[in-house]
Amino acid sequence: MERKDNLLNLRKEQEAREHQILSPYASFADQTAGRDRKEEKCSIRTDYQRDRDRIIHCKAFRRLKDKTQVFLSPEGDHYRTRLTHTLEVAQNARTIARALKLNEDLAEAIALGHDLGHTPFGHAGEAALNEITKDEGGFCHNKQSVRVVEILEKGGLGLNLTKEARDGILNHRTASEPHTLEGSIVRFSDKIAYINSDIDDSIRAGIISEKDIPKKLADVLGKSTNERLSTLVHDIVRNSAGKNSICMSEEVKESMSGLRNYLFKNVYKNPRAKTEEQKVNHLIKQLYGYYIKNIEKLPDEFITMIEKGETKQRAVCDFIAGMSDRYAINIYKEIMIPKSWSVKSIENR
């Protein structure tokens, strides 16, 4: 009995420690708005730590390793995937949250979950699904990420995350700001991660070189990935310390925006980087059309969703959005491309 009581005290000790060491602007685990379904507290972990662990152990998180970031099916081991991008966002968020004495556990949970709903084939896949489902409200990966953690995981039960974690996941890419500073940190960390990693991957692919980056941007942000990361992270910490907001200096913010615009023009819309996008669009539309006409071919969990009242269109969208690049290609080959077969000779009949 004494050992069990000691365990029960561990979570409470951590919650009390948060009030001792964190900023008054932090999100405190013992003040969470809670989960949609009430459940017994963990004896050793805070609610935000449990959010983080649930995300890491869910199926959607594991699938991120086979979802591409910018370059579709790149050859080489060092290009980013959706999983490596997620880990880079989480590391940026943890660094900033710790420096500002905000809740590192919540920031990490939001970061790890922010792209769970992303489609196969990066933003090309997202654009294709958005076009297909525009009459159903369209498709946004941040909303889909919330749908994953609220509904699609664990056979329709979802992960039952805290409201703060779900708010941060939803609002990392919306017109609305997150309701916690930890969520705002992830919003910035996402931009920092993809801008720098996309530059690095583009240089590796030979699409741009470091010297191609406009001098006025390099003079402010730095002339290498490490310099840019350092500049952006330090600027956020410097300008947000002791404040009830997460912000950057105008000079650095404008330069980061300028670098993002440079990437759109020279990388994201570059024919060399996007030569496969039309194929992706075709593949996604063909899969969608096939499953709409053959609902019975969906996995049982999606058929069950339809039986419970979900539309066929949304269920098919959920299934395709959850696919990895490799799985989508294999399924397409299986249902769209004739298989080779042999015919016994007349003599053997």
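Residues numbered from 1 in each chain as written. Predicted model: local features only at pLDDT ≥ 70, side-chain atom pairs only at ≥ 80, totals over all residues. Heavy atoms only, no water.

*Asks:* How should I be thinking about the pattern of salt bridges in this particular structure?
*Replies:* Opposite charge on two side chains allows them to pair when their charged atoms are near. Scanning the model with the defined rule gives 31 salt bridges in all. Note that Arg-82 is salt-bridged to Asp-115, the shortest N-O span being 3.0 Å. Within this pair, whereas Arg-82 is found in helix H4 (residues 82-99), its partner Asp-115 is found in the loop between helix H5 (104-113) and helix H6 (122-132), the two being separated by 33 residues in sequence. Residues Arg-82 and Asp-115 agree in their burial class; the two are buried. Linked by salt bridges that have partners in common, Arg-45, Arg-52, Asp-53, Arg-94, Arg-98, Glu-104, Asp-105 and Glu-108 make up one network. (Salt bridge = Lys/Arg side-chain N within 4 Å of Asp/Glu carboxyl O. Helix = DSSP H or I, 4+ residues; strand = E, 2+ residues; numbered from the N terminus. Buried < 20%, exposed > 50% of the residue type's maximum accessible area, 1.4 Å probe, protein only.)

*Asks:* Is there a simple way to explain the packing of helix H11 (residues 225-240) against helix H12 (residues 250-268) in this structure?
*Replies:* A pair of packed helices is captured by two measures, namely the crossing angle of their axes and the spacing between those axes. Direction vectors running N to C along H11 and H12 enclose 140 degrees, while the axes themselves pass 11 Å from each other. In terms of orientation, H11 lies oblique with respect to H12. By crossing handedness, the relation of H11 to H12 is classed as left-handed. Contact residues: Arg-228, Thr-231, Leu-232 and Asp-235 in H11; Val-252, Met-256 and Leu-259 in H12. Its residues assigned to classes, the contact of H11 with H12 comprises four nonpolar, one polar and two charged. (Axes fitted to C-alpha atoms, helices over the stretch in contact; angles between N-to-C directions. Parallel < 35°, antiparallel > 145°, perpendicular 65-115°, else oblique. Left-handed = near helix turned anticlockwise from the far one by under 90°. Contact = heavy atoms within 4.5 Å. Nonpolar A, V, L, I, M, F, W, Y, C, P; charged D, E, K, R; others polar.)

*Asks:* Help me understand the nonpolar core, please; the structure alone is not making it clear to me.
*Replies:* Most often, soluble globular proteins have nonpolar side chains that are buried together. Ranked by size, the top nonpolar core spans 86 residues in total, and within it Leu-116, Leu-287 and Tyr-291 carry the most contacts. For this core, the leading source of residues is helix H9 (residues 181-204), giving nine residues. Apart from residues no more than four positions distant in its own chain, Leu-287 is found in contact with Ile-320, Met-323, Ala-328, Ile-331, Tyr-332 and Ile-335. (Core = buried A, V, L, I, M, F, W, Y, C linked by side-chain atoms within 4.5 Å.)

*Asks:* Which parts of the structure should I look at to understand the environment of Pro-120?
*Replies:* Topologically, Pro-120 is positioned in the loop between H5 and H6. Taking C-alpha positions, Pro-120 is 31 Å from Ser-230, a pair spaced 110 residues apart along the chain.

*Asks:* It is not clear to me how the side chain of Arg-187 should be interpreted in this structure. Could you clarify?
*Replies:* Turning to its location among the elements, Arg-187 is positioned in helix H9. With residues up to four places along the chain from it excluded, the contact list for Arg-187 reads Asn-171, His-172, Arg-173, Thr-174, Ser-176, Glu-177 and Pro-178.

*Asks:* Help me understand the environment of Ser-145 in this model?
*Replies:* By secondary structure assignment, the location of Ser-145 is in helix H7 (residues 141-152). Put simply, Ser-145 and Leu-170 are 25 residues apart on the chain and 7.3 Å apart in space, counted from C-alpha to C-alpha. Setting aside anything within four residues of it in sequence, one finds Ser-145 in contact with Gly-113, His-114, Asp-115, Leu-116, Gly-117, His-118 and Ile-169. In terms of polar contacts, Ser-145 uses its side chain to reach the backbone amide nitrogen of Gly-117, at 2.8 Å. (Polar contact = N/O pair within 3.5 Å; in protein donor to acceptor, adjacent residues only side chain to side chain.)

*Asks:* Would you mind going over the packing of aromatic side chains with me for this structure?
*Replies:* The geometry of an aromatic ring pair comes down to the distance between the two centres and the angle between the two planes. Evaluated as defined, the whole model comprises five aromatic pairs. Relative to Tyr-268, the ring of Phe-264 has its centre 4.8 Å away and its plane inclined at 85 degrees; by these criteria the two rings are edge-to-face. Taken together, the residues Phe-264 and Tyr-268, both in helix H12 and four residues apart, mark about one turn of the helix. One aromatic cluster is present, built from ring pairs that chain together Tyr-290, Tyr-291, Phe-302, Phe-319 and Tyr-327. (Phe/Tyr/Trp six-rings, centres within 6.5 Å; stacked < 30°, edge-to-face > 60°.)

*Asks:* Sorry, what's going on with unusual backbone geometry here?
*Replies:* Backbone phi values are negative for most residues with the exception of glycine, while trans is the configuration of most peptide bonds. Even without a glycine there, the phi angle at Phe-121 is positive, about 65 degrees. As for its position among the elements, Phe-121 is in the loop between H5 and H6. Positive phi, close to 55 degrees, is recorded for Asn-160, a residue that is not glycine. Residue position: Asn-160 is located in the loop between H7 and helix H8 (163-170). Judged by its relative accessible area of 6%, Asn-160 is buried.

*Asks:* Sorry, what's going on with the environment of Ser-189 here?
*Replies:* Checked against the element boundaries, Ser-189 lands in helix H9. In this structure, the C-alpha to C-alpha distance between Ser-189 and Phe-302, residues 113 residues apart in sequence, is 34 Å. Not counting chain neighbours up to four residues away, the residues in contact with Ser-189 comprise Val-89, Asn-92, Ala-93 and Ile-96. Only 3.4 Å separates the side chain of Ser-189 from the backbone nitrogen of Ala-93, close enough to count as a polar contact.

*Asks:* What is the right way to look at H4 in this model?
*Replies:* It helps to recall that an α-helix has 3.6 residues per turn; residues three or four apart then point in one direction. The end-to-end C-alpha separation of H4 is 26 Å, in line with the 26 Å expected for 18 residues at 1.5 Å each. All of the buried residues in H4 are Arg-82, Leu-83, His-85, Thr-86, Val-89, Ala-90, Asn-92, Ala-93, Ile-96 and Ala-97. The elements touched by buried residues of H4 are helix H3 (59-63), H5, H6, H9 and H11. Positive phi shows up at Lys-101, right after H4, with a value of about 60 degrees. (Expected span 1.5 Å × (residues − 1).)

*Asks:* Just checking my understanding: could you explain H9 for this structure?
*Replies:* Taking 1.5 Å of rise per residue, 24 residues should cover 34 Å, and H9 covers 34 Å from first to last C-alpha, within 8% of that figure. By the criterion of burial, H9 is predominantly enclosed, with 20 of the 24 residues buried. Looking one or two residues beyond H9, the residue adopting positive phi is Gly-206, at roughly 80 degrees.

*Asks:* Just checking my understanding: could you explain the packing of H9 against H11 for this structure?
*Replies:* In contact at an axis separation of 10 Å, H9 and H11 are set at 170 degrees when each is read in the N-to-C sense. One element, H9, and the other, H11, form an angle in the roughly antiparallel class. Of the residues in H11, those touching H9 at Phe-188, Ile-192, Asn-196, Ile-199 and Asp-200 are Thr-225, Arg-228, Leu-229, Leu-232 and Ile-236.

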